[in-house]
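Observations on chain architecture
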Amino acid sequence: MCLWFIGFSNPLYAETLYLTSLHWPPFSGAQLKNQGASIAVARAALEAVGHTLVVDFYPWSRAVRMASRNDSKYSGYLPEYAYPTDKFIFSLPMGRSALGIVEQKSHPISWMQQRDLNHYTIGIVKDYVNTSELDKMIAQGSQPFEAVASDLHNLNKVATGRIDAAIIDEHVLQYLLAQPNMAHIRDKLQFNKKLLTYKELFIAFKNDADGRKWRDRFNLGITKIDIQKILKQNMAQ
């Protein structure tokens, strides 16, 4: 009787983690397979330790804002690059990807160090983390830039010559250019041959007792799964 009780009482300890995210294919998106590669990894890690994940999708700035509110049900947001902050703490990485520059094939940009980009007008997505050096130059006013709401908007601006180039994740670029509605600009764009950096992807948890609890649970779970296998299964949509 005791063994029976223990066996059937364990599910009572399962809890649900609520996170916010954005449409950022192939890593996250409400309409993607398993809601995207990063969310598939996060869900598998939590299931490995007996918990469930619910993700709600918002525009990026709102997703971060909703996750930071003390009165919201959300314990954090994903996927995110690590950055200096007191509001959030970061999980173990859920994989990594190349961050670089999309440019016109007919007008490639040339640079050796990031400060060389000051000669160009660079597109960024509002509230995205880029590199620390680039973000510092933007904040100081030495880097000409234009901020938009999405990577898709930046691709159209680069293709039509309204900006010289834009910062983008390599997998995001590949995914977007593969879409049927991008055929008209697909052959005009390319990923600059020089990378800015490789970036690891994390869950950003609230820096409070609840966030630390879920961070520890997630970190335990992610050691029990094959991250690369899950990413591969969900990266190509």
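As a starting point, this report considers the structure included with it. Quantities reported herein were computed from a predicted structural model and do not represent experimental measurements.

What counts and what doesn't
- Residues numbered from 1 in each chain as written.
- Predicted model: local features only at pLDDT ≥ 70, side-chain atom pairs only at ≥ 80, totals over all residues.
- Heavy atoms only, no water.
- Buried < 20%, exposed > 50% of the residue type's maximum accessible area, 1.4 Å probe, protein only.
- Helix = DSSP H or I, 4+ residues; strand = E, 2+ residues; numbered from the N terminus.
- Pairing = 2+ DSSP bridges.
- 1 Å grid on protein atoms, 1.4 Å probe; cavity = no way out; pocket = protein on both sides within 12 Å on 5 of 7 lines; lining within 4 Å.
- Points joined across faces, edges and corners; volume = space filled by probe spheres on them.
- Nonpolar A, V, L, I, M, F, W, Y, C, P; charged D, E, K, R; others polar.
- Axes fitted to C-alpha atoms, helices over the stretch in contact; angles between N-to-C directions.
- Contact = heavy atoms within 4.5 Å.
- Expected span 1.5 Å × (residues − 1).

Focus: the pairing of strand β11 (residues 202-206)
- The buried fraction of β11 is high, at five of five residues.
- When strand β3 (residues 76-80) meets β11, the two strands line up antiparallel, connected through three bridges. Bridging from a neighbouring strand, glutamate 80 pairs with phenylalanine 202 of β11.
- As paired elements, strand β4 (residues 88-90) and β11 share three bridges and run antiparallel to each other. In the sheet register, phenylalanine 88 faces β11, and the bridge partner there is lysine 206.

Quick notes on unusual backbone geometry
- Cis peptide bonds are those with omega within 30 degrees of zero, and the linkage from proline 25 to proline 26 qualifies with 5 degrees.
- Mapped onto the elements, proline 26 comes out in the loop between β1 (16-21) and α2 (37-47).
- A positive phi angle, close to 65 degrees, is found at glutamine 35, a residue other than glycine.
- Position of glutamine 35 among the secondary structure elements: in the loop between β1 and α2.
- Phi angles above zero are rare outside glycine, and aspartate 127 is one such case at about 75 degrees.
- With respect to the element layout, aspartate 127 can be found in the loop between β6 (122-125) and α4 (132-140).
- Taking relative accessible area as the criterion, aspartate 127 reaches 45% and is therefore assigned partly exposed.

Some points on the layout of surface pockets
- The space that makes up the largest pocket amounts to roughly 370 Å³.
- No other element matches the three residues that helix α6 (residues 170-177) contributes to the lining of the largest pocket.
- In terms of residue class, the lining of the largest pocket is made up of 16 nonpolar, five polar and two charged.

Section: the sheet that holds strand β2 (residues 52-57)
- One open sheet holds the five strands; their spatial order is β2-β1-β3-β11-β4, and the pairing between them is mixed. Every other strand in the sheet has two partners, leaving β2 and β4 as the edge strands with one partner each. Across the sheet, the mean angle from the axis of one strand to that of its neighbour is 35 degrees, orientation sign disregarded.
- In this fold α2 packs onto β1, β2, β3 and β11, with an angle of close to 155 degrees to the strand it touches most, β2.

Observations concerning helix α8 (residues 209-222)
- End to end, α8 covers 20 Å across 14 residues, agreeing with the expected 20 Å (1.5 Å per residue, within 8%).
- Buried within α8 we find Gly211, Trp214, Arg215, Arg217, Phe218, Asn219, Gly221 and Ile222.
- For α8, the secondary structure elements touched by its buried residues are β1, α2, β4, β11 and α9 (227-235).

Quick look at the pairing of strand β8 (residues 165-169)
- Here β8 lies mainly inside the structure; five of its five residues are buried.
- Where strand β5 (residues 96-104) meets β8, five bridges bridge the pair, whose relative direction is antiparallel. Each residue of the ladder has a partner; that of glutamate 103, found in β8, is alanine 165.
- Relative to β8, β6 is paired through two bridges, and the arrangement is parallel.

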